[in-house]
Amino acid sequence: MLRFAPSPTGDMHIGNLRVAIFNYIVAKQRNEKFLLRIEDTDKERNIEGKDKEIIELLKKFHIEYDNIVYQSQNLSFHQNFAKKLLEEKKAFACFCTKEELEKEKEKAKKEKRAYRYSGKCENITLDEALKRDEPFVVRIKKPKEIVEFEDILKGKMKFEPNDIDSFVILRANETPTYNFACAIDDMLYDISLIIRGEDHLSNTPKQIHIQKSLGYTKKIEYCHLPIILNQDGKKMSKRDRASSVKWLLKEGFLPEAIINYLILLGNKTPKEIFTLKEAIEWFDIKKLSKNSPKFDIDKLRFINRAHINLMDDKNLATLLGFNEEDIGKLAKIYLEEASTLKELKEKIDKIFAKREILEEFKKESEILKSFILKYRDIEDFNEFKKIVSNKSGLKGKRFFKPLRLLLTGSEHGPEISKIYPILRKYIKRIIK
Ligand code: GLU
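Residues numbered from 1 in each chain as written. Predicted model: local features only at pLDDT ≥ 70, side-chain atom pairs only at ≥ 80, totals over all residues. Heavy atoms only, no water.

Student: Got a sec to walk through the side chain of S365? Specific residues and values, please.
Tutor: Mapping S365 onto the fold places it in helix α16 (residues 362-374). Classification of S365 as buried rests on a relative accessible area of 3%. Only 2.7 Å separates the side chain of S365 from the backbone oxygen of F361, close enough to count as a polar contact. Leaving out residues up to four positions away in the same chain, S365 has contacts with I357, P402 and L406. (Helix = DSSP H or I, 4+ residues; strand = E, 2+ residues; numbered from the N terminus. Buried < 20%, exposed > 50% of the residue type's maximum accessible area, 1.4 Å probe, protein only. Polar contact = N/O pair within 3.5 Å; in protein donor to acceptor, adjacent residues only side chain to side chain. Contact = heavy atoms within 4.5 Å.)

Student: So what's going on with the packing of aromatic side chains? Residues and values would help.
Tutor: Per the stated rule, a full pass over the model turns up 14 aromatic pairs. Consider the rings of F384 and Y420, whose centres lie 4.3 Å apart with planes at 25°: the pair is stacked. Linking F384 in helix α17 (residues 381-392) with Y420 in helix α19 (residues 416-423), this pair joins segments that are 36 residues apart in sequence. A residue is classified by how much of its surface remains accessible, and F384, at 0% relative accessible area, is buried. Relative accessible area serves as the criterion here: at 0%, Y420 is assigned to the buried category. (Phe/Tyr/Trp six-rings, centres within 6.5 Å; stacked < 30°, edge-to-face > 60°.)

Student: Tell me about empty space enclosed by the protein, residues and numbers included.
Tutor: Summed over all chains, the structure comprises one cavity of 30 Å³ or more. Computed from the structure, the largest cavity encloses a volume of approximately 30 Å³. Considering every element that reaches the lining of the largest cavity, the biggest residue donor is helix α1 (residues 14-30), with three residues. Residue composition of the lining of the largest cavity, by class: three nonpolar, no polar and four charged. (1 Å grid on protein atoms, 1.4 Å probe; cavity = no way out; pocket = protein on both sides within 12 Å on 5 of 7 lines; lining within 4 Å. Points joined across faces, edges and corners; volume = space filled by probe spheres on them. Nonpolar A, V, L, I, M, F, W, Y, C, P; charged D, E, K, R; others polar.)

Student: Please provide a residue-by-residue account of the pattern of salt bridges, values included.
Tutor: Side chains that differ in sign of charge can pair as their charged atoms come close. Counted under the stated rule, the structure contains 38 salt bridges. Between E411 and K401 there is a salt bridge, with its nearest N and O atoms 3.4 Å apart. Residue E411 is found in the loop between α18 (396-408) and α19, and its partner K401 is found in helix α18; the two are separated by 10 residues along the sequence. Among the ionic contacts, a cluster of salt bridges with common partners joins R3, R37, E39 and D186. (Salt bridge = Lys/Arg side-chain N within 4 Å of Asp/Glu carboxyl O.)

Student: Got a sec to walk through helix α15 (residues 341-352)? Specific residues and values, please.
Tutor: If you check α15, its first and last C-alpha atoms are 17 Å apart, about what 12 residues at 1.5 Å a residue would give, namely 16 Å. Residues of α15 that are buried include every one of L341, L344, I348, I351 and F352, and no others. Taken end-on, α15 shows its buried residues confined to a sector of 95°, consistent with a single buried face. (Expected span 1.5 Å × (residues − 1). Arc of directions from axis to C-beta.)

Student: Provide a residue-level description of the sheet that holds strand β5 (residues 137-140), including the pertinent values.
Tutor: With antiparallel pairing, three strands are arranged side by side in an open sheet as β4-β5-β8. Both edges of this open sheet fall to β4 (91-94) and β8 (168-170), since each of them pairs with a single strand only. Ignoring strand direction, the axes of neighbouring strands in this sheet form an average angle of 45°. As judged from the two bridges shared by β5 and β8, these two strands associate in the antiparallel manner. Paired with V138 across the bridge in β8 is L170. Here helix α3 (residues 75-87) sits on the sheet in contact with β4, β5 and β8, set at roughly 100° to β4. (Pairing = 2+ DSSP bridges. Axes fitted to C-alpha atoms, helices over the stretch in contact; angles between N-to-C directions.)

Student: Tell me about the packing of helix α10 (residues 255-264) against helix α12 (residues 297-310), and please be specific about residues and values.
Tutor: Direction vectors running N to C along α10 and α12 enclose 135°, while the axes themselves pass 9 Å from each other. As summarised for this structure, α10 and α12 are arranged oblique, according to the angle between their axes. You can see that α10 and α12 cross each other, and the crossing is right-handed. Across from E256, A257, I258, N260, Y261 and L264 in α10, the residues of α12 making contact are K299, L300, I303, N304 and H307. When grouped by side-chain class, the residues that make up the contact of α10 with α12 number six nonpolar, three polar and two charged. (Parallel < 35°, antiparallel > 145°, perpendicular 65-115°, else oblique. Left-handed = near helix turned anticlockwise from the far one by under 90°.)

Student: So what about the site of the ligand? Which residues, and what values?
Tutor: The environment of the ligand is made up of R3, A5, P6, S7, E39, Y178, C182, R196 and H200. The contact in question runs from a nitrogen atom of the ligand to an N or O atom on the backbone of A5, over 2.8 Å. For the ligand, an oxygen atom lies 2.7 Å from a polar atom in the side chain of Y178. Spatially, the ligand is embedded in the largest pocket. In terms of residue class, the shell around the ligand is built from four nonpolar, two polar and three charged. (Near = heavy atom within 4 Å. Sits in = over half its atoms within 2 Å of the grid points.)

Student: Kindly report on the environment of R404, identifying the contributing residues and their values.
Tutor: Within the element layout of this structure, R404 appears in helix α18. A relative accessible area of 14% places R404 in the buried class. For the pair R404 and E272, spaced 132 residues apart in the sequence, the C-alpha separation amounts to 36 Å. Setting aside chain neighbours within four positions, we find R404 in contact with G409, S410, E411, H412, G413, P414, E415 and I416. Of note is the side chain of R404, whose polar atom sits 3.0 Å from the backbone oxygen of P414.

Rendered as structure tokens:
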């Protein structure tokens, strides 16, 4: 089984979505189940409603899962496994106060060395701990040997026991830490491959150590994805608006285009424009670049235009708030100068909005209006142009400028000859 394990602690980041897409694709390719696990054990960081948002987004992107679990539902497993480790002396109760630990961390910082737990509480027995009747956290004892694993992209990874350290697995309020809950649940759901961001790379040996301590022998495969960078070469953060999936959708990027772009990013694909379904046919996780890819919004805009162009005309019209297939066709012509649904909608809405005629062409506009209405049955633009120009006596700029303004509401836009055959059908709605 593969899984996507988001935390309901903020807006979904494109990095998370990329992780979801890859896990979904590989699950499909391997014919394995795909689990959505909402990692909600850190109650203080959870944000109300973010779980629902994740579920809705996955639906929008057609990323279907076989099962959903809220990690907090497994609390008793987490607590029981912590107890087992305590009883087997593989973990210990730690009474060190926050202040004490802070002091040690400060000291390590001053001495320019990495902080490591002092080992102070390591020998407190479980009986002693329970007798003290004080709150304590549970720490797993650091491993005795190097922990190693094979990463699909990074190759062999090795971690020293001291770097893994004796870390907290259960908080004083008896809730599991991220590493503990994650390691237990991956075990419980028989996860075979974990694809996630490389920011979790240092968590992996901890999770392997937890599983080994519990006697789990199955080797899980790992693939840690390079972090997506912004144009300045920095990790994409909340400050980069395009890092938020919600923002991209609001701006009018199609889910199909976002998926296409995120699969293309830092990858070698047989083609540039494709669907998720097609990607399942040829996607090869091993081919992903080991280097961090740079997010390029212009490339995403290009891909978005391609996907809008592939859309059914009627569906496109609906997304823009219209019913007619022709509006979809018209919008596709406007793709020459717009890349998102939002931009297209602005253009199309302008055509149907109240006209602001330039003072300079007021008189010409009035004359043209009646002729446009009169000859709107002429399908061919050249013929229409010839007759209206002849009859109105207007030529050149004094003909074309007011004509464009009357027909489109803008001074600039695609060639009138291209859009006229469609606009013609809506003349009464356009010229009021
Ligand atoms: N909740 C973690 C995250 O959102 C999950 C990481 C993992 O896949 O294990 O980053």
